[in-house]
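# Per-entry structural report
Chain by chain, the residues:
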Amino acid sequence: MASGTALIYDEEMTTHKLLWSDPICDIEVPERLSSSYEQLRSYHLVERCVHVPAREGSEEEILLVHSLEHLEVAKSTQTMNEEELKRVSENYDAFFFHPSTYRCARLAVGATLQLVDAVMSGKVRNGMALVRPPGHHSQRNAANGFCLFNNVAIAAEYAKLKYGLQRILIVDWDVHHGQGTQYIFEEDPSVLYFSWHRYEHQEFWPSLKESDYDAVGLGKGKGFNINLPWNKVGMGNSDYLAAFFHVLLPTAFEFDPELVIVSSGYDSGIGDPEGQMNATPEVFAHLTHFLMQLANGKLCVILEGGYHLKSLGESVCMTVKTLLGDPVPQVSGEMAPCLSAVESIQNVRAAHKPYWKWLAYEDTSFLQNLSTKSHFLKTANSNPSTEHESKITNNNDTVKVDRFLELHMKNILFPVPPIKTATTGCEGSEHFLSEHVQLVKEMDKTEVEALVSGFYADLVKDNKTLLSLGSMFVILDKILKKEVCNGIATSPTAALSAAVALRHSVRLGFQRVLCVFVGDMQMIPNTEDGKMLIINICEKEQSGKTSCKHYFSLNWKEDAEGNDFFSAVLGFILPVAYSYQPNLTVIAVGPNRNLGISGISLLVALIQGLAESRIFAVIEDTEISLMQNVAKLLVGASTPAFGIYVPPTQEKVNRIKALRDQFQQEWKMLQCSGDIFI
Ligand SMILES: COCC(O)(O)CCCCCNCCCN
Ligand SMILES: [Zn+2]
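What this report covers is the structure whose coordinates are included nearby. (Residues numbered from 1 in each chain as written. Chains lettered and ligands numbered in written order. Predicted model: local features only at pLDDT ≥ 70, side-chain atom pairs only at ≥ 80, totals over all residues. Heavy atoms only, no water.)

## A short note on the coordination of the zinc ion (ligand 2)
Spelled out, the test is: Only nitrogen, oxygen and sulfur atoms within 2.8 Å of the metal, or 3.2 Å for Na, K and Ca, are treated as donors, and water is left out, so sites may look incomplete. For a four-donor site, all angles between 85 and 135 degrees give tetrahedral; for four or six donors, opposite pairs above 155 degrees with the remaining angles between 65 and 115 give square planar or octahedral; all remaining cases count as irregular. Runs of H or I in DSSP of at least four residues are treated as helices and runs of E of at least two as strands, each being numbered from the N terminus. Burial classes: relative accessible area under 20% of the type maximum marks a residue as buried, over 50% as exposed, and values in between as partly exposed (1.4 Å probe, protein chains only).
Distances from the zinc ion (ligand 2) to its protein donors, D174 (OD), D174 (OD), H176 (ND1) and D267 (OD), fall at 2.0 to 2.6 Å. In this structure, the zinc ion (ligand 2) is surrounded by six donor atoms whose angles at the metal cover 54 to 157 degrees, and the resulting shape is irregular. Going along the chain, you hit the donors of the zinc ion (ligand 2) in the pattern D-x1-H-x90-D. In this pair, D174 sits in the loop between β4 (168-172) and α7 (179-185) while D267 sits in the loop between β7 (259-264) and α9 (283-291), placing the two residues 93 residues apart along the sequence. Its relative accessible area of 0% is what places D267 among the buried residues.

## Looking at the pairing of strand β8 (residues 299-303)
Remark: a regular strand shows side chains that alternate across the two faces of the sheet. Here is the rule: When DSSP finds at least two bridges between two strands, those strands are taken to pair. Orient the strands so they point away from the viewer, and a crossover whose first-strand-to-second-strand path over the helix runs clockwise is right-handed.
The element β8 is extensively covered by neighbouring structure, given that five of its five residues are classed as buried. Burial along β8 is two-sided: L299, V301 and L303 facing one way and C300 and I302 facing the other are all buried. Both strand β3 (residues 126-130) and β8 contribute to a ladder of four bridges, which runs parallel. Looking at β8, one finds that M128 is bridged to V301. One ladder, built from five bridges, connects β7 with β8; its direction is parallel. Within the sheet, the bridge partner assigned to V262 lies in β8 and is V301. Regarding topology, α9 serves as the crossover connection from β7 to the parallel β8, and that connection is right-handed.

## Here's the deal with the packing of helix α18 (residues 597-607) against helix α19 (residues 624-635)
Threshold: Fitting a line to C-alpha atoms yields each axis, with helices limited to the stretch in contact; the angle taken between N-to-C directions then spans 0 to 180 degrees. Each angle is binned into one of four classes, with values under 35 degrees roughly parallel, values over 145 roughly antiparallel, values of 65 to 115 roughly perpendicular, and all other values oblique. By convention the crossing between two helices is left-handed if the near helix lies anticlockwise of the far one by an angle smaller than a right angle, and right-handed if it lies clockwise. Whether two residues are in contact is decided by their heavy atoms, any of which lying within 4.5 Å being enough. The nonpolar class holds Ala, Val, Leu, Ile, Met, Phe, Trp, Tyr, Cys and Pro. Asp, Glu, Lys and Arg form the charged class, and all remaining residues, Gly among them, are polar.
For the pair α18 and α19, interaxial distance at closest approach is 10 Å and the crossing angle is 25 degrees. As judged from the angle between their axes, α18 and α19 are roughly parallel. Seen along the crossing, α18 lies across α19 with a hand that is right-handed. Where α18 approaches α19, its residues I597, I600, S601, V604 and A605 are matched on the opposing element by S625, L626, N629, V630, L633 and L634. Residues that form the contact of α18 with α19 fall into these classes: eight nonpolar, three polar and no charged.

## Some details on the sheet that holds β8
Across a sheet, paired strands are connected by hydrogen bonds in the backbone, their directions being either parallel or antiparallel. If you trace the eight strands from one edge of the open sheet to the other, you get β2-β1-β3-β8-β7-β4-β5-β6, paired in parallel fashion. Each having just a single partner strand, β2 (50-51) and β6 (225-230) make up the two edges of the open sheet. Relative to β7, helix α6 (residues 151-163) is tilted by about 170 degrees, and along the sheet it contacts β4, β5 (191-198), β7 and β8. Across the face of the sheet, helix α10 (residues 309-323) comes into contact with β1 (5-9), β3 and β8 while running at roughly 160 degrees to β3.

## So, unusual backbone geometry
Between R132 and the following residue, P133, the backbone shows a cis peptide bond with an omega angle of 0 degrees. In this structure, P133 sits in the loop between β3 and α6. For the bond from W205 to P206, the omega torsion is 5 degrees, close enough to zero to count as cis. Following the sequence through the fold, P206 ends up in the loop between β5 and β6. Positive phi outside glycine occurs at F146, with the angle close to 70 degrees. Here the phi dihedral of Q522 falls at roughly 60 degrees; this positive angle occurs in a residue that is not glycine. Residue placement: Q522 occurs in the loop between β12 (513-518) and β13 (532-538). The class for Q522 is exposed, based on a relative accessible area of 52%.

Below you can see the structure in the form of structure tokens.
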């Protein structure tokens, strides 16, 4: 299992700069790179990464994507004077040449390919390349939007050629549409390109019709180009997370890429003059964390845009911290996507229905009655939650944004707990002990008996479980005190242990405890006070307990292959969990579990994005291999391959939709279709 995070940075890429006045290009400054690198150093992140040197991309590598003519023009600029440079630059939309541009662009390509090699060779698990000039606007025969060579597109072609890859996912979270990348792979089903971008109904640059949600790819590439247009500014964390839950992740897991490359622009972050969006730096930790669960963790993050230096630097640090496996910080803001975002999500899901199995049963009837749609849009616009109140009056007030970010990041960058995982000396734990794992000593019997008789006598009927409870109390205590990030224990009766753990956690002071229970839960605590939210994935409805705001019984019978859990995890559990914003998560697996090991692994891996990754897992002690899998994930391993994709049945899709329709007003991250306001 590869480990380690590569960081690629070469100061020489700061020599490319604008020599004349140009109000459009003057935001793409060398300091973007140097201040990001300085910010990484100030958080002691550089020293934790594996340093990989940049190199020049060769002409042959550049010709994987670009025409010889384009290469020759670029090469010829090295010896030009300012007048000639200005003239050549005017041939392109929003691009400037400097005598060192060609050299820097080749370094940007080479740095990107070095990262691909480091990841594909297993030297590291993932990594980030800080490069400029950026790439996603440049096309086969043209520079565009500050980009000369399309670093990420060349990387994808290079990886296909050198490593025989057949499925590469490119995620472009830059706030501009990477039309260059779209054109290059439009007919190529081996490269799935996803981009969200400020669009405002084609008003915003590059103002292309083909940036809208109905540009799905051409010929054999149909379905492999996904555009999610933002038709309003001010999009925030909840909109970005909703886009991942309801569009990107279900598609990505069905596509099952062998490598994930991110066109990582941070102009989609708060404070950026180009994006005018509201998303705060920690959201990039969540987006990165989600993508780390694909391709066995093989993830290459390549810098694109980002023009507010403080916002850029903080977001780069959040990304690298997560690549290193640090706990994911709590995401801030109201977990409620705005109407415009939900409408875009609904449109892109409808546009891609013909191409993806997970969308086979998507309800696109809204397309027929567009009249009511425009009607509810008018009425909805009066609805408060259709607009995000902007945290910052406008992003152009740089100093104000600096101050906001200074305060905002203070309580985000908590110290990383020295130990990741605590465990009891339970069966099978000897397999995964490492410096990241702490073996906790048992609490002594008399103390456990005092605790149980004091607070849990109604739950604990016999002494058989007392011993397992003892170590559980110790682990929960350590998690509460942030001495460890998470913990795992086995129990002869996981249902009882979970019930005691939940009550104990609330008594210890956790205000919102999320419990995901797989299998027969048997004892369902009272959730009226909202201090717990329980999602029970079980085969049959628990006796007489129907779903309500804080208790869901998700009846789920795995198909034979045992791989059709994505729609439950991505379409329901994560959105509800993120809406709830727990400060502790308890994952319990009882008898008669009805999710396969890979389904539970995905659940544990993704849910680490919550509660600052504070998780307590309790597993029925008959499930040794499951326990070992879960323990490895808690220590930071990537989710294992999921095997063949099993699409959800219509019955399962309908069940999720029914729950979503019923609870999307309480848990707004469930929203993914605009008919919420009719
Ligand atoms: C990968 O490049 C990074 C980027 O996407 O941020 C480049 C943005 C170019 C923005 C150009 N604005 C032109 C406005 C014309 N009225
Ligand atoms: Zn951009």
